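Close look at the chain arrangement
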Amino acid sequence: MTKSPRLFQNLILLAFALYALVPVYLVFLAAIRSEADLFSGPLTLSWPINLGNFARIWNEAGFATYFMNSVITAVSVTILVLLTAPLAGFAFAKLRFPGKEILFALFLAGLVVPAPSVIVALYGNLQALGLIDNRIGVILPQAALLMPFSVFMMRTVIQDVPDELIEAAVMDGAGLLKLFLTIVVPVVKPGLMSLGLITFLFAWQEYLLPLVVFQTESLKPLTVGAASLQGRYGVDYGGIAAAGLIAFAPLVVLFLAMQRSFVRGLTAGAVK
Amino acid sequence: MLTTRSAYLFLLPSLALYLLFVGLPILQVFGFSFFAWDNGIAGEFIGLANYSRLLSDAVFWTALWHNGIWVVLTLAFPLLAGLVIAAILADRNANVVRWLGAVYFIPRTIPLVVAGIIWGWIYNPIFGLLNFGLEAVGLGGLGGAWLAQESTALLSLNVVGAWTFFGFCVIIYLAAIQSIDPALYEAASIDGASWWRKFRDLTVPLLRGSTLFLGLYAAIEAMRFFDLVWVTTQGGPGYATEVLTTHIYKTFFLVGDFGYAATLSVVLLIIVLAISAGAFTLLRKP
């Protein structure tokens, strides 16, 4: 390859790296600067790092609570999905039963259902069930909305389990559930890990459901808290930046630490 | 493969959850759309009256137009960027690929609500970095109130949408490129094919499946996105960034017109199902 296309390619890679990172860097910068030098000085890190914004947001603006709520909701949704979707994925991948195609198509259709289009009826149902302003009212619908993707992904993952393993276990007279737990689950552990990570990411990012379901301040997650901060703390930019950072830093760290697992999950649905 | 009725027991937990909180509401929304509503209580059956209202609802058509623009822009920019970046990365060493892949994907991990706040600052007419940067390079005249003026609001938001999406395209395309037989590229190199020839005649056609998948994904997301608009412009200024989901939200929670909100929801559902049916037909074709 000649030199000049390579240089041009490097410029493209660099330009998009800046596009991705500059906004993140700006938030970081705004969060660790004191009110006084927020809009002054060069866009370089200044020492000492000022943690005042974090302390104020965490203690006074309720972000300690928002954070805990995000953890509780996202973890609950993840556990619920991990307990249910792999079972269905196993049935679709390895079992034969009447109505299989129709049931699978039913799940497939759910892949594209927009949450805002079910909210009109879902809201009334949650009200009738007494689940408005209740964590369960976010956790169950959230898990349900993630179910089509999760079942689809688990089916793809479990299809790769060798049939011989399953047949051998059946020969030994193992029950289906025991077979699933002792043969399938150990083989697809990496897949379960990926599913867990992606579910956690989506659940943490969710905005619409908690926005309409929670009224009590002490139940709201980070996404709702950060959005409302914009109105309440209109000019406290350092505070809002710190809040934004608290809302996404755990996801960035989780992604960077578990990149391989994330990517495996993201591509499992795409590459057949 | 085992034939067994206990398969239903394996399906039961996820199916029950899915039908109760997604399936049932969809059926109800269909039902709601045929009634007049008063204060959250179903009134008389009015047939298709809610649907004929769509024809004269200018906000609905504006919103639909904006979703359409969003579909086209998303298909054009992030997908193309993802494809080109992935093709460039394909012949770099593994560490570069891993690190840059991560960098490009980071915006996707940021909740859209937070992305909206961050970019709201960048676009801020008074202290925003965009106007500041334009001024620094002598283009201050191009600056403006990006999200607050009708001519630029939707496009400015789309740049944010693309920001959160192109890294996902990079990752999907990269995985697909890495599964292409390297012998094909070696053969092309021996024939003296340029980078561009290999990109056009090998990479692009061989990635057709991924392009269709990403195209479908992008189109669906473009029809159903909500958070980003809601936290930045709430559909404004005027109706400059109104989309179907914000129209539904306002009609339901602010106006309280359950019947018409349900009708809009049905239209949205039909559109996304039609898009996916079309894409699946294309995917089936070899």
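Up top you'll find the structure we're talking about.
The sections below set out a description of the structure shown in this document. These numbers come from a predicted model, not from an experiment.

What to know about the interface of chain B and chain A
In this complex, chain B contributes 83 residues to the contact, which on the side of chain A involves 93 residues. Summing both partners gives a buried area of about 8100 Å² for chain B against chain A, and 79% of it is carried by carbon and sulfur. Linking chain B to chain A there are 0 salt bridges. Looking at the side of chain B that touches chain A, the element that brings in the most residues is helix 1 (residues 7-32) of chain B, giving 18 residues. As defined by bridge partners, strand 1 (residues 95-96) of chain A adjoins strand 1 (residues 2-3) of chain B across 2 bridges and the pair is classed as parallel. By the bridge assignment for strand 1 of chain B, Leu95(A) is matched with Leu2(B).

Some remarks on helix 7 (residues 150-178) of chain B
Taking 1.5 Å of rise per residue, 29 residues should cover 42 Å, and helix 7 of chain B covers 43 Å from first to last C-alpha, within 8% of that figure. Along helix 7 of chain B, the largest kink reaches about 30° and is centred on Phe165(B).

Topic: the pattern of salt bridges
Residues and elements named next belong to chain B. Per the counting criterion, the structure on display carries 7 salt bridges over all chains. With a shortest N-O distance of 3.1 Å, Arg200 and Asp201 are connected by a salt bridge. With relative accessibility at 42%, the residue Arg200 sits in the partly exposed group. Overall, the relative accessible area of 38% leaves Asp201 in the partly exposed class. One salt-bridge network, held together by shared partners, links Arg197, Arg200 and Asp201.

Structural notes on the packing of aromatic side chains
All names here are of chain B. On inspection of all chains with the given rule, the structure shows 47 aromatic pairs over all chains. Look at Phe165 and Phe168: their rings are 5.8 Å apart centre to centre, the planes differ by 35°, and that puts the pair in the tilted class. Placement of both Phe165 and Phe168 in helix 7 is noted, with a separation of 3 residues, approximately one turn of the helix. Residues Phe165 and Phe168 agree in their burial class; the two are buried. With centroids separated by 6.0 Å and ring planes inclined at 45°, the aromatic side chains of Phe213 and Tyr217 adopt a geometry described as tilted.

Let's talk about the nonpolar core
In this structure, Phe90(A), Val120(A), Val184(A), Phe248(A), Leu89(B) and Tyr104(B) are the most contacted members of the largest nonpolar core, which totals 193 residues. Looking at this core, the element that brings in the most residues is helix 7 of chain B, giving 16 residues. The contacts of Phe90(A), once residues within four sequence positions are left out, are Leu95(A), Ile158(A), Ile166(A), Leu176(A), Leu179(A), Phe180(A), Val184(A) and Phe10(B).

Concerning empty space enclosed by the protein
The final tally for this structure, using the stated rule, is 2 cavities of 30 Å³ or more. Here the largest cavity is characterised by a volume of approximately 60 Å³. Around the largest cavity, the lining residues are Ser70(A), Thr73(A), Ala74(A), Val138(A), Gln142(A), Ala203(A), Trp204(A), Glu206(A), Pro210(A) and Pro221(A). Looking at the lining of the largest cavity, the elements with two or more residues in it are helix 3 (63-94), helix 6 (136-159) and helix 9 (189-205) of chain A. Tallying contributions element by element places helix 3 of chain A first for the lining of the largest cavity, with 3 residues. For the lining of the largest cavity, the class distribution of residues is 6 nonpolar, 3 polar and 1 charged. Every residue along the wall of the second largest cavity is listed here: Val27(A), Ile240(A), Ala241(A), Gly244(A), Val114(B), Ile117(B), Ile118(B) and Trp121(B).

Criteria and thresholds
Each chain has its residues counted from 1, running along the sequence as written. Here every chain gets a letter starting at A, and every ligand a number starting at 1, in the order they are written. Local features are withheld for residues below a pLDDT of 70 in this predicted model, meaning they are given only at 70 or higher, and side-chain atom pairs are given and counted only at 80 or more; totals for whole chains, interfaces and linings count all residues. To obtain the side-chain values, all non-hydrogen atoms of the structure were included, while hydrogens and water were left out. The contact definition used throughout considers only heavy atoms, calling two residues in contact when any of these lie within 4.5 Å. What counts as buried area is the accessible surface, traced by a 1.4 Å probe, that two parts surrender upon association, with contributions from both included. Take a side-chain nitrogen of Lys or Arg and a carboxyl oxygen of Asp or Glu: if they are within 4 Å of each other, that pair is a salt bridge. A run of DSSP states H or I qualifies as a helix once it reaches four residues; a run of E qualifies as a strand once it reaches two. Both are numbered from the N-terminal end. Pairs of strands are assigned from DSSP output, requiring at least two bridges between the strands. Multiply 1.5 Å by the residue count of a helix minus one, and that product is the helix's expected span. For a residue, the bend is simply the angle between two axes, fitted respectively to the seven-residue segment ending there and the seven-residue segment starting there. Burial classes follow relative accessibility: with a 1.4 Å probe on protein chains only, a residue under 20% of its type's maximum area counts as buried, one over 50% as exposed, and anything between as partly exposed. Aromatic rings from Phe, Tyr and Trp, with only the six-membered ring used for Trp, were paired whenever their centres fell within 6.5 Å, and each pair was classed as stacked if the ring planes differed by under 30 degrees, edge-to-face if by over 60, and tilted otherwise. Definition used in this section: a nonpolar core is a set of buried Ala, Val, Leu, Ile, Met, Phe, Trp, Tyr and Cys residues joined via side-chain atoms within 4.5 Å. Think of a 1 Å grid over just the protein atoms. A cavity is a set of points where a 1.4 Å probe fits yet cannot get out, a pocket is an open set with protein on both sides within 12 Å along at least five of seven lines, and lining residues have an atom within 4 Å of a point. Grid points are joined across faces, edges and corners, and a volume is the space filled by probe spheres set on the points. Residues are grouped as follows: Ala, Val, Leu, Ile, Met, Phe, Trp, Tyr, Cys and Pro are nonpolar; Asp, Glu, Lys and Arg are charged; all remaining types, including Gly, are polar.

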